[in-house]
Amino acid sequence: MTRTMRGDYVLVEHLRSGGAGDVHVAHPVGRPDHHLAVKLLRLDAEHGEEDAARLRREARILGDIAHPHLLRCLDTGATEDGRPYAVFPLASGGSLSARLTAGVPGAPVAARRIVDAISDAVGTLHAADIIHCDVHPGNMLIMEGSSSDAAARLLDDDEGLA
């Protein structure tokens, strides 16, 4: 399913579909070792210009916000057929839902940290005038192996909070 979008990104794998679009693993043209996530809006009878404008606005805001528990938008654009997209770091650690199913060390402390982190992130979004209407563990993504691997530290490190 390899497809190049406007010469900038190559879509290499479909990850999941949501209410208004699809998320793909992608890489910049010429950088096949640099994996990213591309959220590609579906334009159809149900999703039109209002959804496209919302995606562009949220992507712009997420490009400006630096928060340890929010993915930063790296780029935005539109495909050749006009479908808007937003580019994010690839959250290679999967979802919080999958991690919780596998069990969490120090569960009470970790649960408190997770709830506090999500509340802080949602509060930051609200302050930026973004209302996230689908907050659940399946939409909470974990970045593995980065210096800002805050979610994994929330799950695995039981030092500090009691």
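First things first, this report covers the structure right here in the doc. These numbers come from a predicted model, not from an experiment.

In this section: the overall build of the protein. Of the regular secondary structure elements, the protein holds four helices and six strands. Taken from N to C terminus, the helices and strands of the protein fall in the order β-β-β-β-α-β-β-α-α-α. Partitioning the intrachain contacts of the protein with sequence separation of at least 6 by distance along the chain shows that 53% fall at a separation of at least 24. For the protein, the exposed surface amounts to about 9000 Å²; the carbon and sulfur share of it is 54%.

With 14 residues, the main nonpolar core has Leu62, Leu70, Cys73, Ala86, Phe88 and Leu125 as its most contacted residues. Elements supplying a minimum of two residues to this core: helix H1 (49-64), strand S6 (84-89) and helix H3 (107-127). Among the elements that make up this core, the one with the highest residue count is H1 (five residues). The contact partners of cysteine 73, leaving out residues within four places of it in the chain, are Ala59, Leu62, Gly63, Ala86, Val87 and Phe88.

Moving on, we get to H1. Compared with the 22 Å implied by 1.5 Å per residue over 16 residues, the 23 Å span of H1 between its first and last C-alpha is a close match. Among the residues making up H1, those that are buried are Asp51, Ala52, Leu55, Ala59, Ile61, Leu62 and Gly63.

This part covers the packing of aromatic side chains. Taken as a whole, this structure holds one aromatic pair when the rule is applied. Seen in terms of ring centroids, tyrosine 9 and tyrosine 85 are 6.0 Å apart; in terms of plane orientation they differ by 80°. Their pairing is edge-to-face. With tyrosine 9 in strand S2 (residues 9-17) and tyrosine 85 in strand S6, this pair connects stretches of sequence that are 76 residues apart. Of the two residues examined, tyrosine 9 and tyrosine 85, each falls in the buried class.

Turning to the pairing of S2, a few remarks are in order. As paired elements, S2 and strand S3 (residues 21-28) share seven bridges and run antiparallel to each other. Directly across from tyrosine 9, in S3, lies its bridge partner proline 28. Where S2 folds back onto S3 in an antiparallel hairpin, the turn is made up of three residues.

Here we take up the pattern of salt bridges. Scanning the entire structure with this criterion turns up seven salt bridges. Put simply, arginine 54 and aspartate 51 hold a salt bridge, and the shortest N to O gap is 2.7 Å. Separated by three residues within a single helix, arginine 54 and aspartate 51 lie in helix H1, roughly one turn from each other. For aspartate 51, a relative accessible area of 16% translates into the label buried. With a shortest N-O distance of 3.9 Å, arginine 112 and aspartate 116 are connected by a salt bridge.

Phi is positive for aspartate 129, which is not a glycine, with a value near 70°. Looking at the secondary structure, you find aspartate 129 in the loop between H3 and helix H4 (150-156). Since its relative accessible area comes to 55%, aspartate 129 is described here as exposed.

Looking at the element boundaries, aspartate 22 is found in strand S3. For aspartate 22, a relative accessible area of 13% corresponds to the buried category. Of the polar contacts made by the side chain of aspartate 22, one reaches the side chain of histidine 14; its length is 3.5 Å. At 2.6 Å, the side chain of aspartate 22 and the side chain of serine 17 are in polar contact. The contact partners of aspartate 22, leaving out residues within four places of it in the chain, are His14, Arg16, Ser17, Val38, Lys39, Leu40, Arg42 and Arg83.

Definitions and cut-offs
Residues numbered from 1 in each chain as written. Predicted model: local features only at pLDDT ≥ 70, side-chain atom pairs only at ≥ 80, totals over all residues. Heavy atoms only, no water. Helix = DSSP H or I, 4+ residues; strand = E, 2+ residues; numbered from the N terminus. Contact = heavy atoms within 4.5 Å. Areas by Shrake-Rupley, 256 points an atom, 1.4 Å probe, with all protein chains shown as cover. Core = buried A, V, L, I, M, F, W, Y, C linked by side-chain atoms within 4.5 Å. Buried < 20%, exposed > 50% of the residue type's maximum accessible area, 1.4 Å probe, protein only. Expected span 1.5 Å × (residues − 1). Phe/Tyr/Trp six-rings, centres within 6.5 Å; stacked < 30°, edge-to-face > 60°. Pairing = 2+ DSSP bridges. Salt bridge = Lys/Arg side-chain N within 4 Å of Asp/Glu carboxyl O. Polar contact = N/O pair within 3.5 Å; in protein donor to acceptor, adjacent residues only side chain to side chain.

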